[in-house]
There are 2 protein chains.
Amino acid sequence: MVGRASTPGRRGRPRQAEVARLAGVSQTTVSLVLGGNKQGIALHEDTRARVLAAARELGYVPDPAARRMARARNNLLGVFSFTATFPVDVEHSYYPILVGVEREAVARGYDLVLFTGSSSGPAQTVAPGALQRVRMADGCLFLGRHIPEGELRRLVDDNFPAVHIGRRDELEGLAWVGVDYVSASAEVVRHLAGLGHRRIVLVRESDDAPASADRERGFRMALAELGGPNGAAVVRTARPGADITPAWVRARVAEGVTAFVAEETDTGAAWRQLLAAVNGAGLDVPGEVSLALLGSPPADLAGRPQPTGFDVPRAELGSAAVRMATALLAGEEAAEPLVACTFRPGRTAGPAPGRP
Amino acid sequence: MVGRASTPGRRGRPRQAEVARLAGVSQTTVSLVLGGNKQGIALHEDTRARVLAAARELGYVPDPAARRMARARNNLLGVFSFTATFPVDVEHSYYPILVGVEREAVARGYDLVLFTGSSSGPAQTVAPGALQRVRMADGCLFLGRHIPEGELRRLVDDNFPAVHIGRRDELEGLAWVGVDYVSASAEVVRHLAGLGHRRIVLVRESDDAPASADRERGFRMALAELGGPNGAAVVRTARPGADITPAWVRARVAEGVTAFVAEETDTGAAWRQLLAAVNGAGLDVPGEVSLALLGSPPADLAGRPQPTGFDVPRAELGSAAVRMATALLAGEEAAEPLVACTFRPGRTAGPAPGRP
DNA sequence: TTGTATGCGTTATCAT
DNA sequence: ATGATAACGCATACAA
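To keep things clear, this report deals only with the structure shown in the data block. Please read all numbers here as calculations on a predicted model, not as lab measurements.

Reading across the sheet, the 12 strands line up as β11(A)-β5(A)-β4(A)-β3(A)-β1(A)-β2(A)-β2(B)-β1(B)-β3(B)-β4(B)-β5(B)-β11(B) and stay open at both edges, with mixed pairing between neighbours. The open sheet has two edge strands, β11 (338–339) of chain A together with β11 (338–339) of chain B, and neither has a second partner. Pairing of strand β3 (residues 139–143) of chain A with strand β4 (residues 162–165) of chain A, which is carried by 3 bridges, proceeds in the parallel orientation. Across the sheet, Leu141 of chain A pairs through a bridge with Val163 of chain A, a residue of β4 of chain A. Against the sheet, helix α11 (residues 314–329) of chain A engages β1 (76–81), β3, β4, β5 (175–179) and β11 of chain A, with an angle of about 160° to β5 of chain A.

Right, dumping it as structure tokens:
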């Protein structure tokens, strides 16, 4: 006789075999009855009842580990963050995403495994091999700025369902979901155009984040549709906002510009400075000039005035990631990678001066 | 030949057998090497290295379900929330706890499994059987207001390591971790006593939450130590704060009361109203009366003035829960269930009038 | 309609 | 020092 001496992990829980004994049937029958009989196999109503009764009497509950092993899936979806999964500093940008991830995961019957990546080590260092742990789950969502390309590439090459939250083109073959900044930005411009604005200026920062580039692309795209004179429509501020002064605003208005659009940034600097400059110039918003913000305002000036623009649907981004992952998992090639922003009318955009 | 036709869920996840093939050893040896060789069996350093290399090359990670079955442990710690794990409304009370849970879990080599309880269904309805899924993990933390006693009892009776976050005496045998409101409240009173205050009044709400009861207990305990005249030292406000008026404050002061203590509540009503009443009475704080808050102030009046009192260490609470769970897991009987609050000097308490 | 045999991936025991 | 083998609990192809 071979085997473990004392069944270490046994928790005194009844198994199908015991239910079977009590009901006077085989373990197979128990599995069949309790499994809902997906195969549509015929069963005596009598047997069924006896099994059910026995199971209830013993308080049987299936062992998830065993069940998952037998089906070679565990209905576990991983979430790997390159920083702490519950970061303290960027709490407000991660949390809403996790909300969406959870919601969609629940809807699809998945539980979430939070892989704790680098939290223990210093800074962004992902312990070597740590990434491979995610293979434990059926698929995994990745979250964070700096990704360890090597390890991630291995997962992708092995056809492991990996989805990055946020656009990610560097890593060929890595699935991602992202925000459709292009469309959202274009929509804002079209809204302004609908109000009669023809000369519009975009204020953005000088770094080259994909999110910034996309916004500019959408802005230019919509501007091109207008067909008007659009020279120098985009301003990149080296030091965030430092170049946006009341004088600068007045000069643009003198040139015929009637609307200003700022991009959202971590600090909200562009919007903040634009507001200040317009106020400093003594211009009424939206009476004399219209303003719009490509994103959400910084928390400290959330309400006053509510900016025309769009909101980034972070929760929806999380949900989309889950959908993408489950699609990959099911062998379907891809789901929709882009989530749409919701237009926010706000109170900073009005009819262009000189129009009804 | 019998077996499933197409290995449905296979994702090319490498197993020990493949590592063994690559390393040119048996699967048993792989298990031995990768399992850390707990049995202290002699191994050629050479073999060890080859196995390790092969495992890394293939990106091998153990299957938690299989591990669970064979060894009955998988270094997975569950977190089950009776509401959504990432609730939108109480965001700020859950998040810090999760931060602590994650930190301690990482430190102890556990990954977290978020079991998504009832988020899909209406209100607090936990799907029947949903709770039993947590058995996949080595242990589980429970979080939330209303607990499904029946299902939880079954886990407890089966000796499954379950830890409730928040005091929970209803369910005999259920381990829990909680905040030591008694000591913290007593400490605040003693602090006031040290400043010369002898007549102190506690303002609390009328509901009977454990947290409220504990605070009152600590308050009374410390008051008893003072031995002074303490009749009617506790006021329960039916409608939060409605009874706390400037006139009421003046009456108490006329009786010789020199300090007021409010409990923290969801809405912060008690503290809010106390502040307003004292201001309305035209009394200087802390010159003429001292105030203290048994907890943290509501966010909207966080800074002004910073209340004397204590902070609830929510992150520490999460960490304590993990410690408790791992203790149970290891067979040790219990860890420390109470976490201490940190005293906050604040600026609302000063020497009692008529003292140096 | 029900039972028998087998495999999922891992750990642990017993032979080599 | 390494390999063969038996469980763990469940699901399923196949035989009866």
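Read on for the rest.
Walk down a regular strand and you will see the side chains alternate between the two sheet faces. All names here are of chain A. Judged by which residues are buried, β4 turns out to be covered on both faces: Ala162 and His164 on one side and Val163 and Ile165 on the other are all buried. At this point the chain moves from β3, through helix α6 (residues 149–157), to the parallel β4, and the crossover so formed is right-handed. Here 3 bridges tie β4 to β5, and the two strands are oriented parallel to one another. Of the residues in β5, the one forming a bridge with Val163 is Ala175.

All right, on to the protein's contact with DNA strand D then. Around DNA strand D, a shell composed of 28 residues is seen, among which Arg15 and Tyr60 of chain A together with Ser26, Ala42 and Thr47 of chain B lie nearest. Those atoms of DNA strand D that come within 4 Å of the protein belong to sugar or phosphate at a rate of 69%. Residue Ser26 of chain B places a main-chain N or O atom 2.7 Å away from a phosphate oxygen belonging to DNA strand D. Between DNA strand D and His44 of chain B there is a distance of 3.2 Å, counted from a phosphate oxygen to a backbone nitrogen or oxygen. Secondary-structure elements contributing two or more residues to the surface near DNA strand D are α2 (27–34) and α4 (64–71) of chain A together with α2 (27–34) and α4 (64–71) of chain B. Class assignment of the residues belonging to the surface near DNA strand D gives a composition of 13 nonpolar, 11 polar and 4 charged.

In this section: the packing of α2 of chain A against helix α3 (residues 45–58) of chain A. Residues and elements named next belong to chain A. Direction vectors running N to C along α2 and α3 enclose 90°, while the axes themselves pass 10 Å from each other. Classified by the angle between their axes, α2 and α3 sit roughly perpendicular to one another. Of the residues in α3, those in contact with Thr29, Val30, Val33 and Leu34 of α2 are Thr47, Arg48, Val51, Leu52 and Ala55. Among the residues making up the contact of α2 with α3, the classes are represented as 6 nonpolar, 2 polar and 1 charged.

On to the packing of helix α9 (residues 246–254) of chain A against helix α10 (residues 269–280) of chain A, then. All names here are of chain A. Packing of α9 against α10 leaves a shortest axis separation of 7 Å and a crossing angle of 75°. The pairing of α9 with α10 is recorded here as roughly perpendicular in orientation. When α9 is examined against α10, the residues Pro246, Val249 and Arg250 are found in contact with a partner set consisting of Ala277, Val278 and Gly280. Counted by class, the contact of α9 with α10 contains 4 nonpolar, 1 polar and 1 charged residues.

Turning to the nonpolar core, a few remarks are in order. Generally speaking, soluble globular proteins have nonpolar side chains that are buried together. By size, the foremost hydrophobic cluster in this structure holds 93 residues, and its most contacted members are Leu141, Val163, Ile165 and Phe219 of chain A together with Leu141 and Phe219 of chain B. The biggest single contributor to this core is α11 of chain A, with 8 residues. Each residue touching Leu141 of chain B, except ones within four places of it in the same chain, is listed here: Leu77, Gly78, Val79, Phe80, Val101, Val163, Ile165, Ala321, Val322 and Ala325 of chain B. Val113 and Val134 of chain A together with Phe80 and Cys140 of chain B belong to the second largest nonpolar core, which has 38 residues in total.

Rules used in this analysis
- Residues numbered from 1 in each chain as written.
- Chains lettered and ligands numbered in written order.
- Predicted model: local features only at pLDDT ≥ 70, side-chain atom pairs only at ≥ 80, totals over all residues.
- Heavy atoms only, no water.
- Pairing = 2+ DSSP bridges.
- Helix = DSSP H or I, 4+ residues; strand = E, 2+ residues; numbered from the N terminus.
- Contact = heavy atoms within 4.5 Å.
- Axes fitted to C-alpha atoms, helices over the stretch in contact; angles between N-to-C directions.
- Buried < 20%, exposed > 50% of the residue type's maximum accessible area, 1.4 Å probe, protein only.
- Right-handed = clockwise from strand over helix to strand, strands pointing away.
- Near = heavy atom within 4 Å.
- Polar contact = N/O pair within 3.5 Å; in protein donor to acceptor, adjacent residues only side chain to side chain.
- Nonpolar A, V, L, I, M, F, W, Y, C, P; charged D, E, K, R; others polar.
- Parallel < 35°, antiparallel > 145°, perpendicular 65-115°, else oblique.
- Core = buried A, V, L, I, M, F, W, Y, C linked by side-chain atoms within 4.5 Å.

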